[in-house]
Amino acid sequence: MTLYMLTIYQPDGGPPPPEFMESVARDLYALNQDIKAAGAWVFSRGLHAPGTATVVRVRDREIVTTDGPYVEGKEHIGGFWIVEAPDLDAALGWARKAARATTLPIEVRPFQDVPEY
Amino acid sequence: MDPERAAEIERIFRAEHGRAVAVLVRVFGDIDVAEEAVADAFTAAVQRWPADGLPPSPAGWIITTARNRAIDRLRREAYRADRHAQAALLHARDEEVEEGPVRDERLRLIFTCCHPALNRGAQVALTLRLLGGLTTAEIARAFLVPEPTMAQRLVRAKGKIRDAKIPYRVPAAADLPERLRSVLAVVYLVFNEGYAASSGEALVRADLCAEAIRLGRQLASLMPDEPEVLGLLALMLLASSRRAARTTAGGELVPLAEQDRDRWDRALMAEGQTLVRACLRRNEPGVYQIQAAIQAVHADASAQRTVDKERGGALPRRAEAASAQRTVDKERGGALPRRAEAASAAATDWRQIVQLYDQLLTYDPAPIVALNRAVAVAEADGPGTALALVDALDLGTYYLFHAIRADLLRRLGRDVEARTAYLRAIELTDNTAERDFLRRRRQSLGG
């Protein structure tokens with residue numbers, strides 16, 4: 001079994017109309033029930049808007065804290081799932097359902113194995 | 001080594017590489033281990049076979065030798081606590097390999113190589129490397145990229161298969177149509193790259209065509225019930241049958257209408273036509289089958305002279321046979337009404353070709369398909385009708401669009417516009433043979 005991260009890429013800008021969000025929420029609830037029933041569930045949450053982000057980094061050994069997301073672009077990470085799946089096809093199967101439910105692109109990436117040290 | 005023996009081993013290498021790698025990937029669950037093991041086994045074959053003679057089952061010998069050598073090497077590496085080697089050994093423990101007839105694993109390998117999670121370039125490179133047994137250098141040359149670039153592409157693709165766990169199996173029935181499309185697209189891309197190189201000196205890189213046809217034959221033997229697999233093989237065979245006639249001895253391009261049809265390869269043509277007929281009987285049309293049927297109509301026009309002797313040589317003439325409305329009786333397949341005249345472009349049933357393009361457009365409404373249809377319309381209804389169709393297409397950056405427009409304008413006597421269009425086409429192609437052809441055409445208009 002491999003862990004995969006399914007990341008939702010969301011366009012910047014205001015939220016879609018509430019009736020649309022309601023139907024997305026319904027589809028996501030159903031999808032999450034499916035993932036749990038299949039025993040593939042590890043974790044999933046949506047994130048607050050990128051404006052709520054804070055970046056911390058080291059500059060000349062000093063900690064520098066800045067307001068806002070690390071990358072400014074046209075899209076941001078809206079949320080993600082971590083699922084456990086036997087292979088990429090199984091993970092892509094969840095991603096297809098996630099893309100339909102959110103109507104957004106979903107990036108699928110495998111996690112590295114746990115290092116033995 | 002005796003050159004005949006060397007050629008024999010080379011032939012076995014090409015023929016069996018894919019099958020051997022496929023079995024070893026299953027055994028070790030790792031492409032790099034499999035490739036290295038198979039390469040080791042062929043090295044051993046080159047050393048032993050000339051003296052010992054060929055084993056009864058060369059493929060079985062290669063696979064058994066590769067497996068044993070890999071296990072020896074992995075044991076040494078596992079002893080040094082190499083986790084990778086330990087994993088491969090663990091995988092191999094549960095997988096049996098017997099010498100002799102081997103289960104064909106190539107289909108799994110093909111679907112892994114052409115997995116949609118890999119980009120097209122990676123799919124092509126992996127397929128040629130693992131199934132075709134081409135070296136990285138050969139693939140790099142064929143696709144005109146530096147060898148390190150191609151090596152990097154292969155390493156990245158194999159890394160993704162390993163890390164993202166792209167599965168090693170034939171997809172389930174529900175996913176098969178989509179997955180098969182990707183496999184066929186890879187094989188057809190290899191063929192086209194060889195048939196009409198988009199750049200470079202040689203118009204035809206025959207090796208790639210031969211490799212694509214070899215892959216097509218493998219697919220046809222592994223999936224004999226998939227009509228599009230047969231359609232693609234037929235399409236490649238029929239296109240290949242015209243290869244010798246497509247260029248002059250000096251490498252100049254010869255357009256279809258001016259080709260010496262006696263130089264078309266009868267054996268390839270007959271094989272392609274037989275496959276097209278089998279597809280028509282299946283009555284499950286698809287893009288490759290329809291394109292093959294179009295090629296078959298061209299072949300048909302050249303086969304007129306010999307067909308009465310062979311009896312099976314002509315295709316059903318009417319497009320409705322292809323369009324699935326009726327089943328062609330096996331015995332009557334070759335005896336449907338047809339015109340009997342000399343082999344020439346004029347003997348081609350352009351009306352039927354237009355109908356086949358109409359059908360193709362329902363599957364693939366791409367402007368390039370519409371452009372090709374217009375070429376057939378020019379023959380059936382005249383260049384004026386065709387020009388109106390061509391002018392409606394949004395293909396201004398495609399050299400063939402301008403080349404075809406130029407030809408139609410030339411035939412309509414609109415020489416000034418034709419010269420401008422030829423110039424535009426010349427600017428847009430990198431292929432030397434195509435460019436020389438267009439230049440000659442333009443010069444023939446004078447001015």
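**Student:** How do you make sense of the overall build of chain B when you look at a structure like this?
**Tutor:** In terms of helices and strands, chain B carries 21 helices and 2 strands. With 447 residues in all, chain B has 43% of them scored as buried. Within chain B, counting contacts between residues at least 6 apart in sequence, those at least 24 apart form 64% of the total.

**Student:** I keep staring at the environment of Asp207 of chain B and nothing clicks. Help me out?
**Tutor:** Residue and element names in this part refer to chain B. With respect to the helices, strands and loops of the structure, Asp207 is situated in helix α10 (residues 206-222). As a C-alpha pair, Asp207 and Glu226 span 19 residues in sequence and 26 Å in three-dimensional space. Apart from residues lying up to four places away in sequence, Asp207 is in contact with Ala142 and Gly194.

**Student:** Even after reading the chapter, I still don't get the nonpolar core, so can you show me in this structure?
**Tutor:** Nonpolar side chains in soluble globular proteins generally cluster together in the buried interior. Residue and element names in this part refer to chain B. Counting 137 residues, the largest nonpolar core has Leu24, Val38, Val187 and Ala234 as its most contacted members. The two domains that each donate at least three residues to this core are domain 1 (3-103) and domain 2 (366-444). What Val38 contacts, discounting residues up to four positions off in sequence, is His17, Ala20, Val21, Leu24, Ile62 and Ala66.

**Student:** Would you mind showing me how to read the domain arrangement of chain B here?
**Tutor:** Many structure descriptions define interface size as the accessible area lost when the parts assemble. Under the domain assignment used here, chain B contains domain 1 (3-103) and domain 2 (366-444). Between the C-alpha centres of domain 1 of chain B and domain 2 of chain B the distance comes to 53 Å.

**Student:** Would you explain the pairing of strand β1 (residues 2-11) of chain A in this entry?
**Tutor:** When a strand is regular, its side chains alternate between the sheet's two faces. Residue and element names in this part refer to chain A. Note: β1 against strand β5 (residues 75-85), 10 bridges, orientation antiparallel. Looking at β5, one finds that Gln10 is bridged to His76. One ladder, built from 5 bridges, connects β1 with strand β6 (residues 106-110); its direction is antiparallel. Residue pairing for β6: Tyr4 is matched across the bridge by Pro110.

**Student:** What is the right way to read helix α9 (residues 176-195) of chain B from this model?
**Tutor:** In an α-helix, one turn spans 3.6 residues; hence positions three or four apart end up facing the same way. Here α9 of chain B contains 20 residues, and its C-alpha end-to-end distance of 28 Å stays within 8% of the 28 Å for a straight helix at 1.5 Å per residue. Residues Leu180, Val183, Leu184, Val186, Val187, Tyr188, Val190, Phe191, Gly194 and Tyr195 of chain B constitute the buried set of α9 of chain B.

**Student:** Just checking my understanding: could you explain the packing of helix α3 (residues 58-79) of chain B against helix α4 (residues 83-93) of chain B for this structure?
**Tutor:** If you want to describe how two helices pack, look at the angle between their axes and the distance between the axes. Residues and elements named next belong to chain B. Between α3 and α4, the shortest axis-to-axis distance is 8 Å and the interhelical angle comes to 135 degrees. If you check the angle between α3 and α4, you find them oblique. The handedness of the crossing between α3 and α4 is left-handed. Side by side, α3 and α4 meet where Ile71, Leu74, Arg75, Glu77 and Ala78 of the first sit next to Ala85, Gln86, Ala88, Leu89 and Ala92 of the second.

**Student:** Could you clarify how one ought to interpret the environment of Ala85 of chain B in this entry?
**Tutor:** Residue and element names in this part refer to chain B. In this structure, Ala85 sits in helix α4. Judged by local crowding, Ala85 falls into the buried class, with 21 C-beta atoms found within 10 Å. Residues Ala85 and Arg75 lie 10 residues apart in sequence; the distance between their C-alpha atoms is 7.4 Å. When sequence neighbours within four positions are dropped, the list of residues in contact with Ala85 reads Leu74, Glu77 and Ala78.

**Student:** What should I look at first to understand the sheet that holds β5 of chain A in this one?
**Tutor:** The pairing of strands in a sheet happens through backbone hydrogen bonds and is either parallel or antiparallel. Residue and element names in this part refer to chain A. Strand order in the open sheet made by the 4 strands is β2-β5-β1-β6, with antiparallel pairing throughout. Of all strands in the sheet, those bounded by a partner on one side alone are β2 (41-46) and β6. For this sheet the average axis-to-axis angle between neighbouring strands, irrespective of direction, equals 20 degrees. Note: β2 against β5, 5 bridges, orientation antiparallel. Of the residues in β5, the one forming a bridge with Phe43 is Ile82. Of the strands in this sheet, β1, β5 and β6 are in contact with helix α2 (residues 88-102), which crosses β6 at around 160 degrees.

What counts as what
- Residues numbered from 1 in each chain as written.
- Chains lettered and ligands numbered in written order.
- Predicted model: local features only at pLDDT ≥ 70, side-chain atom pairs only at ≥ 80, totals over all residues.
- Helix = DSSP H or I, 4+ residues; strand = E, 2+ residues; numbered from the N terminus.
- Buried ≥ 20, exposed ≤ 12 C-beta atoms within 10 Å, placed from the backbone.
- Contact = placed C-beta atoms within 7 Å.
- Core = buried A, V, L, I, M, F, W, Y, C linked by C-beta atoms within 7 Å.
- Domains from an automatic or database assignment.
- Pairing = 2+ DSSP bridges.
- Expected span 1.5 Å × (residues − 1).
- Axes fitted to C-alpha atoms, helices over the stretch in contact; angles between N-to-C directions.
- Parallel < 35°, antiparallel > 145°, perpendicular 65-115°, else oblique.
- Left-handed = near helix turned anticlockwise from the far one by under 90°.

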